[in-house]
Amino acid sequence: MSTAPHHLGRSALRRGSILFGWTWAALLAACGGGGDEAAPVSQGPQPIVATSVEAEEQAAYTLLRDERSRCGFGAPSPNSLLAQAARNHANWLVTNDANSHEETPGTPGFTGKTALERLQYVGYPVRAVAESIGWGSVAPVANGVAVRALRGLMAVPYHAIGVVAFNLPEVGLALGPSDGYYAPLVVELAGPQGAAAGPVVYPPNPVKTYPCEGTTGVLTRTLAENPNPIPGRDLSTNPTGSSIIVSVASGNTLTLGAGTLVHVASGQTVEVLPPVTASNDPNRHLAPNTGFYLPAQPLAPNSRYQFTFRGSNAGVPFTQSFTYTTGSD
């Protein structure tokens, strides 16, 4: 990853209930994006009051743990130092009306310019970190805002790979205060000194996906992501369905053929855009062992879909099929 940090305040964006960003320290890339609805001007930080922050964060961690485990990516262990670093940055974002992986020295709440520095600030012996930022709408209700933010991150391809597929053993996440309309969820996936970092370690030849067989609650659509997975298409006004990511063992090369998506109840085939792998990634973000598909249009809510695709893993052909279910939004 080599993109420059994307630095936008929420009030400047004027769009979207969820904003995205992630960074890989040591390589340090960063990005951000927005959704599709006008955002009112911030009224200043306000605590989440409809439910406890601890309950929100636990619900988000449980979702991340369960989704990664179900799909074979492994569950990271919670770490209190990572949670503190995430909380520091979440508070900084709202206090400074910012949406960035880079903090500005001298601003209120500054604890380090980069995610790497912020982990060092709290005393975490960091070797590598993948930081993700999701903004969840607190309207019409604040309950579930952390889960909504995390599901948004898992619905866009580059960020889904960062949150779900990276093999980092520990995690800390924190829900920041609301500005009256949105609240940030900061997720710090990290590995300490001496721990392996990189894509998940696989047994011989398996192909892993997210969503996978039995996944439920998938968002019906993905909004804007930076970098844009479909350059030239404004995903804030013309969204796709949530992404389907594919990953094989680190060091292997993944190729993907056409995918077929079927709405199970009606039998109707849903158009899927051509797959993206490292060989044709317009943003050059993908490693050779990862790729993704995007349904051409948003999916139906509360519906079961079957996805079938083919490709090759280190030159070995495969065909795979699974079913998953969308949520209510």
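Residues numbered from 1 in each chain as written. Predicted model: local features only at pLDDT ≥ 70, side-chain atom pairs only at ≥ 80, totals over all residues. Heavy atoms only, no water.

Looking now at the state of the cysteines. Taken as a whole, this structure holds 1 disulfide when the rule is applied. The disulfide that involves C71 links it to C212, with 2.1 Å between the sulfurs. Its S-S torsion of approximately -85° makes the covalent link between C71 and C212 left-handed. Taken together, the residues C71 in the loop between α2 (53–70) and β2 (77–78) and C212 in the loop between β6 (208–210) and β7 (244–247) connect sequence positions 141 residues apart. (Disulfide = S-S within 2.5 Å. Helix = DSSP H or I, 4+ residues; strand = E, 2+ residues; numbered from the N terminus.)

A word on the pattern of salt bridges. For the structure shown, the criterion picks out 5 salt bridges. Between E67 and R70 there is a salt bridge whose closest N-O contact spans 2.2 Å. In this pair, E67 and R70 are both assigned in helix α2, 3 residues apart and thus about one turn of the helix distant. Here E67 falls in the buried class, since its relative accessible area comes to 4%. One connected set of salt bridges, linked through shared partners, spans E103, R118 and E131. (Salt bridge = Lys/Arg side-chain N within 4 Å of Asp/Glu carboxyl O. Buried < 20%, exposed > 50% of the residue type's maximum accessible area, 1.4 Å probe, protein only.)

What the 4 strands build is an open sheet, ordered β6-β7-β11-β10; its pairing is antiparallel. Of all the strands in the sheet, just β6 and β10 (276–277) have a single pairing partner and so form its edges. As paired elements, β6 and β7 share 3 bridges and run antiparallel to each other. Note that in β7 the partner of T209 across the bridge is V246. (Pairing = 2+ DSSP bridges.)

Further remarks concern the environment of G180. Assignment of secondary structure puts G180 in the loop between β4 (170–175) and β5 (182–192). The partly exposed category is assigned to G180, whose relative accessible area is 26%. Along the primary structure G180 and V138 are separated by 42 residues, whereas in three dimensions their C-alpha atoms are 7.5 Å apart.

With that settled, the discussion passes to α2. Over its 18 residues, α2 extends 26 Å from the first C-alpha to the last, a length consistent with the 26 Å expected when each residue adds 1.5 Å. Within two residues after α2, G72 carries a phi angle of roughly 90°, on the positive side. (Expected span 1.5 Å × (residues − 1).)

This paragraph deals with the packing of aromatic side chains. Both the distance between ring centres and the angle between the ring planes are used here to describe each pair of aromatic rings. Scanning the model with the defined rule gives 8 aromatic pairs in all. With centroids separated by 5.5 Å and ring planes inclined at 20°, the aromatic side chains of F307 and F309 adopt a geometry described as stacked. In this structure F307 comes out as buried when scored by relative accessible area, which is 0%. Three or more aromatic residues joined by ring pairs form one cluster here, namely Y293, Y305, F307, F309, F318, F322 and Y324. (Phe/Tyr/Trp six-rings, centres within 6.5 Å; stacked < 30°, edge-to-face > 60°.)

With that settled, the discussion passes to the packing of α2 against helix α5 (residues 145–153). Interaxial distance between α2 and α5 falls to 7 Å at its minimum, and their mutual angle equals 35°. Our pair here, α2 against α5, has a crossing hand that is right-handed. Here α2 contributes E56, A59, A60, L63, L64 and E67 to the contact with α5, which in turn contributes V145, A146, V147, L150 and R151. Residues belonging to the contact of α2 with α5 are distributed by class as follows: 8 nonpolar, no polar and 3 charged. (Axes fitted to C-alpha atoms, helices over the stretch in contact; angles between N-to-C directions. Left-handed = near helix turned anticlockwise from the far one by under 90°. Contact = heavy atoms within 4.5 Å. Nonpolar A, V, L, I, M, F, W, Y, C, P; charged D, E, K, R; others polar.)

Moving on, we get to unusual backbone geometry. The step from Y210 to P211 runs through a cis peptide bond, and the omega angle for that step is -5°. Following the sequence through the fold, P211 ends up in the loop between β6 and β7. In the segment running from N226 into P227, the intervening peptide bond is cis, with an omega of 10°. If you check the backbone angles, R284 has positive phi at about 55° while not being a glycine. In this structure, R284 sits in the loop between β10 and β11 (290–293). Phi is positive for N302, which is not a glycine, with a value near 50°. By secondary structure assignment, the location of N302 is in the loop between β11 and β12 (304–313).

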